[in-house]
Amino acid sequence: QKEVEQDPGPLSVPEGAIVSLNCTYSNSAFQYFMWYRQYSRKGPELLMYTYSSGNKEDGRFTAQVDKSSKYISLFIRDSQPSDSATYLCAIKNSGGSNYKLTFGKGTLLTVNP
Amino acid sequence: GAGVSQSPSNKVTEKGKDVELRCDPISGHTALYWYRQSLGQGLEFLIYFQGNSAPDKSGLPSDRFSAERTGGSVSTLTIQRTQQEDSAVYLCASSLAVGLNTEAFFGQGTRLTVV
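This is a predicted model, so every value here is computed, not measured.

The rules we used
- Residues numbered from 1 in each chain as written.
- Chains lettered and ligands numbered in written order.
- Predicted model: local features only at pLDDT ≥ 70, side-chain atom pairs only at ≥ 80, totals over all residues.
- Heavy atoms only, no water.
- Core = buried A, V, L, I, M, F, W, Y, C linked by side-chain atoms within 4.5 Å.
- Buried < 20%, exposed > 50% of the residue type's maximum accessible area, 1.4 Å probe, protein only.
- Contact = heavy atoms within 4.5 Å.
- Buried area = accessible area lost by both parts, 1.4 Å probe.
- Salt bridge = Lys/Arg side-chain N within 4 Å of Asp/Glu carboxyl O.
- Polar contact = N/O pair within 3.5 Å; in protein donor to acceptor, adjacent residues only side chain to side chain.
- Helix = DSSP H or I, 4+ residues; strand = E, 2+ residues; numbered from the N terminus.
- Nonpolar A, V, L, I, M, F, W, Y, C, P; charged D, E, K, R; others polar.
- Pairing = 2+ DSSP bridges.
- Axes fitted to C-alpha atoms, helices over the stretch in contact; angles between N-to-C directions.

Student: Any chance you could break down the nonpolar core for me, citing the residues and the numbers?
Tutor: One recurring pattern in soluble globular proteins: nonpolar side chains tend to sit buried together. Counting residues in hydrophobic clusters, the biggest one holds 24 residues, and the most contacted among them are W35, I72, L74 and Y87 of chain A. Excluding its chain neighbours within four sequence positions, the residues that come into contact with Y87 of chain A are Q6, L21, Y36, R37, L47, L74, I76, G106, T107 and L109 of chain A.

Rendered as structure tokens:
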């Protein structure tokens with residue numbers, strides 16, 4: 001079992017839809033949770049991060065973490081065609097290798113106008 | 001430059017040849033990382049540099065892979081005797097420091113195709 005599991009999709013939604021992207025993880029030492037967005041032929045860019053259970057909101061984006069279930073989510077409200085990209089969850093553990101990002105495989109999202 | 005710069009953007013090489021991939025991190029960033037992104041495997045950690053030393057090389061897949069960093073800046077990832085399974089996008093990232101809440105900035109990658 002991989003340390004971080006993410007449904008690769010693809011996911012196709014109409015403009016304005018609410019999008020839910022999810023990952024599960026297996027290592028309880030994972031303490032820092034991030035979502036990256038990667039446009040085609042570009043490097044990943046950090047979208048949101050959180051380190052506690054609960055919700056964190058930033059504009060149209062909400063990151064949610066449930067440590068008891070080892071489940072993380074990213075919600076996109078009022079999705080736009082410009083949101084079309086691959087979304088990657090990434091996690092860091094709190095131990096000695098806290099520089100290392102462990103990624104999910106990414107979910108390819110297409111928002112259709 | 002303002003961001004992490006990688007060269008070349010694309011590289012096609014014949015099986016068995018050696019390749020060198022270059023990364024110019026953001027100025028002043030002491031930490032540098034290499035990751036590999038391949039179909040079916042996602043993004044995988046290869047190596048971490050702090051200054052010129054590499055305290056963690058655990059992700060390098062075989063001894064055909066090596067990396068160095070000089071002057072606390074530019075890094076080169078070398079793949080010897082390339083194989084078709086080496087085909088992937090190689091991503092470099094850098095960060096100002098290390099730790100849980102330190103952001104790593106990624107370059108756009110080098111797309112390597114081994115034919």
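Student: Can you break down the interface of chain B and chain A residue by residue, with the values?
Tutor: Listed by partner, the interface residues are 24 residues for chain B and 20 residues for chain A. Summing both sides of the interface, chain B and chain A together bury roughly 1,900 Å²; the carbon and sulfur share of this comes to 54%. The three residues of chain B that bury the most area against chain A are L43, L100 and F106 of chain B, which together make up 31% of that side's buried surface. Scanning the region where chain B abuts chain A turns up one salt bridge. One salt bridge in this structure joins D56 of chain B and K100 of chain A, with 3.6 Å as the shortest N-O distance. At the boundary of chain B with chain A, the tally comes to five residue pairs in polar contact (both at pLDDT 80 or more). Only β4 (31–38) and β5 (42–50) of chain B provide two or more residues apiece to the side of chain B that touches chain A. No other element matches the four residues that β5 of chain B contributes to the side of chain B that touches chain A. Of the residues in the side of chain B that touches chain A, the class split is ten nonpolar, eleven polar and three charged.

Student: An account of the pattern of salt bridges is requested, with residue identities and associated values reported.
Tutor: Residues and elements named next belong to chain B. With the rule as written, the count across this model stands at seven salt bridges over all chains. Salt-bridge contacts for D24 lead to R22; the nearest nitrogen and oxygen are separated by 3.1 Å. The class for D24 is partly exposed, based on a relative accessible area of 24%. Note on R22: relative accessible area 39%, which makes it partly exposed.

Student: Now, about the sheet that holds strand β8 (residues 71–76) of chain A: what can you tell me, with residues and values included?
Tutor: Residue and element names in this part refer to chain A. Taken in spatial order, the five strands make up an open sheet running β1-β3-β8-β7-β6, and their pairing is antiparallel. Among the strands making up the open sheet, the edge pair consists of β1 (4–6) and β6 (54–58). Direction aside, neighbouring strands of the sheet carry axes that sit 20° apart on average. Across six bridges, the pairing between strand β7 (residues 61–66) and β8 is antiparallel. Across the sheet, the residue bridging to Q64 is S73, located in β8.

Student: Please set out the environment of L101 of chain A residue by residue, giving values where relevant.
Tutor: When you line up the elements, L101 of chain A lands in the loop between β9 (85–93) and β10 (102–103). Excluding anything up to four places from it in sequence, L101 of chain A contacts M34, Y36, A90, I91 and K92 of chain A together with Y35, A104 and F106 of chain B.

Student: Account for the sheet that holds strand β7 (residues 65–69) of chain B, naming residues and giving values.
Tutor: Residue and element names in this part refer to chain B. Strand order in the open sheet formed by four strands is β1-β3-β8-β7, with antiparallel pairing between adjacent strands. The open sheet is flanked by β1 (5–7) and β7, the only strands paired with a single partner. Averaged over all neighbouring strand pairs, the angle between strand axes comes to 15°, with direction disregarded. Bridge analysis of β7 against strand β8 (residues 75–79) gives five bridges, and the strand direction is antiparallel. Looking at the pairing, S66 lines up with T78 of β8.

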